[in-house]
Amino acid sequence: MKASLILGLNARTQLFTYRYNSLQGKKIADSKLQTARVLGKTEVTLPKIYKKFKNPEDIEKFDWESLPNSFAVKPSRGLGGEGIIVVKKKIKDGEGWITTQRERVTVDDLKFHVLDILEGAFSMRNEPDVAFIQEYVGRHKAFKKYAYRGTPDIRIIVFNKVPVMAMLRLPTKESGGRANLHQGAVGVGIDIATGITTKAIWHGEQIVYKPGTGKKLRGIKIPNWTLILETAVKAQIASGMGYLGVDIVLHPEKGPMVLELNAQPGLQIQLANMGGLKKRLERVEDLEVRDAEHGVKIAKALFAARFADRVKAEEGIKTVGVWEEVKILGADKKKHTIKAKIDTGAWKTSIDRDMARQLGILDKSNVLWTKIYKSALGKEVRKVVSLTFYLAGTRVSTIANVANRSYLRTPLIIGRKDLKGFLVKAE
Amino acid sequence: MRKIILYLLLIVAFLGFLAKPAYAVVKTSPTASPSASPTFEPTPLPTPVPDLTQKTQETLGPLEKLLEEQKLGPVWPSNPLKHAIRGAVETGVPANTIVLLLLLPLVATIIAAARHLVGLRGFGIFLPAALSVVFVATRPVVGIGLFLIIVTVSTLTRMLLRRLKIKLQYLPRMALILWIVSLSVLGVLFAAPVIRHPDLTNVSIFPILIMALLAEDFIRVQLGKSIKTAINLTTETLILALVSYFFLTLKVVQEFALLNPEWYLLGLLGFDYILGKYVGLRILEIWRFRKLIKA
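Rules used throughout
- Residues numbered from 1 in each chain as written.
- Chains lettered and ligands numbered in written order.
- Predicted model: local features only at pLDDT ≥ 70, side-chain atom pairs only at ≥ 80, totals over all residues.
- Helix = DSSP H or I, 4+ residues; strand = E, 2+ residues; numbered from the N terminus.
- Rg over C-alpha atoms; globule rule 2.2 N^0.38 Å.
- Buried ≥ 20, exposed ≤ 12 C-beta atoms within 10 Å, placed from the backbone.
- Pairing = 2+ DSSP bridges.
- Axes fitted to C-alpha atoms, helices over the stretch in contact; angles between N-to-C directions.
- Contact = placed C-beta atoms within 7 Å.
- Left-handed = near helix turned anticlockwise from the far one by under 90°.
- Nonpolar A, V, L, I, M, F, W, Y, C, P; charged D, E, K, R; others polar.
- Domains from an automatic or database assignment.
- pLDDT = per-residue confidence, 0-100.
- UniProt positions renumbered as here; feature names shortened; annotations may be inferred.
- Expected span 1.5 Å × (residues − 1).
- Core = buried A, V, L, I, M, F, W, Y, C linked by C-beta atoms within 7 Å.

- As recorded in an unreviewed UniProt entry, chain A goes by ATP-grasp domain-containing protein.

### A few points about the overall build of chain A
Point 1. Assigned secondary structure in chain A consists of eleven helices and 22 strands.
Point 2. Relative to the compact-globule value of 22 Å for 427 residues, chain A shows a C-alpha radius of gyration of 25 Å, a close match.
Point 3. Expressed as lengths along the three principal axes of its C-alpha atoms, the size of chain A is roughly 80 × 45 × 40 Å.
Point 4. Here chain A holds 427 residues, and 44% of them are scored as buried.

### Considering the overall build of chain B
Point 1. What chain B contains, in helices and strands, is 15 helices and zero strands.
Point 2. Across the 295 residues that make up chain B, the buried fraction comes to 31%.

### Side note on the sheet that holds strand β13 (residues 255–262) of chain A
Residue and element names in this part refer to chain A.
Point 1. In space, the seven strands of this open sheet follow the order β11-β10-β9-β8-β7-β12-β13, with antiparallel pairing throughout. Two strands close off the open sheet at either side, each with one partner strand: β11 (205–207) and β13. On average, each strand axis in the sheet is tilted by 30 degrees relative to the strand beside it, whichever way the strands run.
Point 2. In the sheet, strand β10 (residues 197–202) pairs with β11 via three bridges, with the strands oriented antiparallel. Bridge assignment links W202 to a residue of β11, and that residue is E205.
Point 3. Here helix α8 (residues 277–284) sits on the sheet in contact with β7 (153–159) and β8 (162–170), set at roughly 145 degrees to β8.

### Quick notes on the pairing of strand β6 (residues 131–135) of chain A
Residues and elements named next belong to chain A.
Point 1. Summarising burial for β6: four of the five residues are buried, a large majority.
Point 2. Pairing analysis gives four bridges linking strand β1 (residues 49–53) to β6, with the strands arranged antiparallel. The partner of I49 across the bridge, within β6, is Q134.
Point 3. Pairing of strand β2 (residues 71–75) with β6 involves five bridges; the strand directions are antiparallel. Paired with K74 across the bridge in β6 is F132.

### Some thoughts on the packing of helix α4 (residues 95–118) of chain B against helix α11 (residues 227–249) of chain B
Residues and elements named next belong to chain B.
Point 1. The contact between α4 and α11 brings their axes to 10 Å, and the two run at 145 degrees. Two packed elements cross with a definite hand, and for α4 against α11 that hand is right-handed. Within the contact between the two elements, α4 uses L103, L106, V107, I110, I111 and A114 and α11 uses L240, V243, S244, F247 and L248.
Point 2. Residues of the contact of α4 with α11, tallied by class, amount to ten nonpolar, one polar and no charged.

### So, the interface of chain B and chain A
Point 1. On the side of chain A, 25 residues touch chain B, which itself brings 22 residues to the contact.
Point 2. Elements with a minimum of two residues in the side of chain B that touches chain A: α7 (170–190), α10 (205–224), α14 (283–288) and α15 (290–294) of chain B.

### Details of the sheet that holds strand β5 (residues 104–105) of chain A
Residues and elements named next belong to chain A.
Point 1. Taken together, six strands build an open sheet; the order of strands is β1-β6-β2-β3-β4-β5 and the sheet is antiparallel. Across the chains shown, the open sheet's two edge strands, defined by having one partner strand only, are β1 and β5.
Point 2. Helix-sheet contacts for helix α5 (residues 107–119) involve β1, β2, β3 (85–90), β5 and β6, and the interaxial angle to β2 is about 25 degrees.

### Quick notes on the environment of L391 of chain A
Point 1. Mapped onto the elements of the fold, L391 of chain A is located in strand β19 (residues 378–391).
Point 2. Distance from L391 of chain A to G245 of chain A, taken between C-alpha atoms, is 36 Å for residues 146 residues apart in sequence.

### What to know about the domain arrangement of chain A
Point 1. According to the domain assignment, chain A contains domain 1 (3–46 + 139–302), domain 2 (49–135) and domain 3 (308–424).
Point 2. On a C-alpha basis, the centres of domain 2 of chain A and domain 3 of chain A stand 55 Å from each other.

### Regarding the confidence of the model for chain B
Residue and element names in this part refer to chain B.
Point 1. Here chain B shows a mean pLDDT of 75. Residues at 70 or above account for 77%.
Point 2. Highest mean pLDDT in chain B belongs to helix α13 (residues 261–277) (93); lowest belongs to helix α1 (residues 2–28) (45).
Point 3. Note that pLDDT drops below 50 for residues 14–60; the model gives that stretch 52 contacts with residues more than four away or on any other chain.
Point 4. Confidence metrics for the complex model read pTM 0.75 and ipTM 0.74.

### Notes on the pairing of β19 of chain A
Residue and element names in this part refer to chain A.
Point 1. The sheet contact formed by strand β15 (residues 323–329) and β19 spans two bridges and is antiparallel. Residue pairing across strands places I328 opposite F389, the latter belonging to β19.
Point 2. Pairing between β19 and strand β20 (residues 394–403): nine bridges, direction antiparallel. Bridged to L387 within β20 is T398.
Point 3. Here β19 folds back onto β20, and the loop between the two strands holds two residues, one of which, A392, carries a positive phi near 50 degrees.

### Quick look at the UniProt feature "domain: ATP-grasp" (unreviewed entry) in chain A
Point 1. Taking the UniProt record as the reference, the feature "domain: ATP-grasp" (unreviewed entry) is found at residues 36–293 of chain A.
Point 2. For residues 36–293 of chain A, the end-to-end C-alpha separation is 22 Å, with 21% helix and 28% strand making up the annotated structure.

### Things to note about the UniProt feature "transmembrane region" (unreviewed entry) in chain B
All names here are of chain B.
Point 1. UniProt records the feature "transmembrane region" (unreviewed entry) for residues 93–113, 144–161, 173–195, 201–219, 231–248 and 263–284 in the present numbering.
Point 2. In residues 144–161, the share of helix is 100% and the share of strand is 0%. The end C-alpha atoms are 25 Å apart.
Point 3. Secondary structure across residues 263–284 divides into 77% helix and 0% strand, with the first and last C-alpha atoms of the span separated by 31 Å.

### Structural notes on α11 of chain B
Counting along an α-helix, one turn takes 3.6 residues, and residues three or four places apart therefore face a common direction.
Point 1. Here α11 of chain B is 23 residues long and its end C-alpha atoms lie 32 Å apart, about the 33 Å a rise of 1.5 Å per residue gives.
Point 2. Residues of α11 of chain B that are buried include every one of A230, L233, T234, T237, L238, L240, A241, S244, Y245 and L248 of chain B, and no others.

### Thoughts on the nonpolar core
Point 1. Among the nonpolar cores identified, the biggest contains 115 residues, and V158, V164 and I248 of chain A are the most heavily contacted of them.
Point 2. The leading source of residues in this core is β8 of chain A, at seven residues.
Point 3. Leaving out residues up to four positions away in the same chain, V164 of chain A has contacts with I157, V158, F159, L277, R280, L281, V284, A299 and F303 of chain A.
Point 4. With 51 residues, the next largest nonpolar core counts L63, A95, A130 and V203 of chain B among its residues.

Here is the structure:
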């Protein structure tokens, strides 16, 4: 991969965060309470906030015994997951609670901790901060085997209403229940199209198994994937920032919840996905995206991981001829067989306008964007749609441009972009 | 912001202080006793004495001599600063001070370039810059020695407090740590009769003050992040300060800045601007993403 496709700190700051994030937006993202206030007005769900502490007097006035058995104490503007105490249950015959790290804390410990937070021990530049007590979000059962004493979260980078890259962050023994990669959590790359994990990194190095176990990190299916992506996009829209990292936890019953926003999300996500972020960001920078659903659709079409390597390993390389019968998934969810030309001279797949209309894939909800194409025939405005077809039994999800092909031999040509893992017999 | 101003004040105060030893040294110098007054032309002192503690005098003499030797054209368009420098030096402003002030933007540029082109972070821009000036004053060996002592002592104190489960609020805890840092530096100074290192006895309050403040930053990073990050940042700061020190004391650079201040300053300005516009990967990022680049 070319180095220019990778996003570095210089480019992140100058090309994206400076340009697309307002100062106001950064203030919202830096403070978890502000984030909760802004997102609370939308349909995005957040963990409940039980209590805020602004002055030391609040600590004494508060009835600590009224708290539920599990909750989290957090600084509003803490950095890197520092200063957070999560308690899981009350000690039955005695004072205090047990934290997720299996330590005991008493009311006095918590009071002291809140005082520390108010003094600014965990905030940026040690400015005085506000502390709050928040609902505890436990582990979803899909992650139970993978996370060590903590709740994993999903970091999604959203740019221009399109979820661009995603990573599952798993707490480890070393990270002490926190999901921050710098503290030793594992980062697992996620295929945007399917929500299935692909690769994993730990301390910047590729790993296959969860540290200390034999559990494969590849192939985990994240439940509610589309909803998670849409939640992330909605949070980005509400925040008013163009380029944002959204951290989402999956509540076992209530579904995806936004935990916090990050105006300068880390770059390690590129290693976890083995992909360049800059390339993806530039790809969606100028698109007109209507809403969250539209943005997610674009993302799924553009950033689907090519499982070609794995397919190759499992099924062997498939050979196709120049003229093939292809099954297209229509809007009615049925497969329609049409004739296609395998065209290694084209990059993108192209479909006939009438055919697309018949199959229902030219509906407004399926159109991703329109683009001016230059070809031998001159300039032409074409619609780009998301398309799923089966070639020689292999499912390919991709994007296709729509053109008038009525005078050509086949209503569909399949370009090189979608021919990875295939051999073309030129007979 | 207040902190930045404080650092600036410290640096300025320190630069002023740097100039003083030149006089002080002249007074104690046995060879210069017949012409003890500092306002005299430096010509009677061109034969340098190979004594390390008299470094300032050594650099002072030749720099002013260089200025004398430089032939100046008309003031405008290309010589306004040269004339201004000449005027200031003739009225008694030490050339040393002017050189250090001229080199300060260079140090800042080096630190900025180290961050944006290489990827070394350090503690911001003022700490490495201040530390490099400290090194000029104390010599790197003593400077690093003091720095390491301060950092070790503050870290040990922090760990001890944690081990003993002494829970203190943040500011009192910082104050306590600075208390111990001050005492240990005092201890080092008390040990001067035993160590008998000439650089150590010449140490003044400003370098120590700057370093004590650096200890606070170090602990703050430790509080927020891991010890590993703190050590990395400290090492990077030291590297940056040493590189800056190297440039600050490099004769060629000093002379170029003093004799061609216009070109030198314009060049730095342009470089700073270009540096701010650079959006490519940093060298350390190329290393960090090497597998991605290979893939």
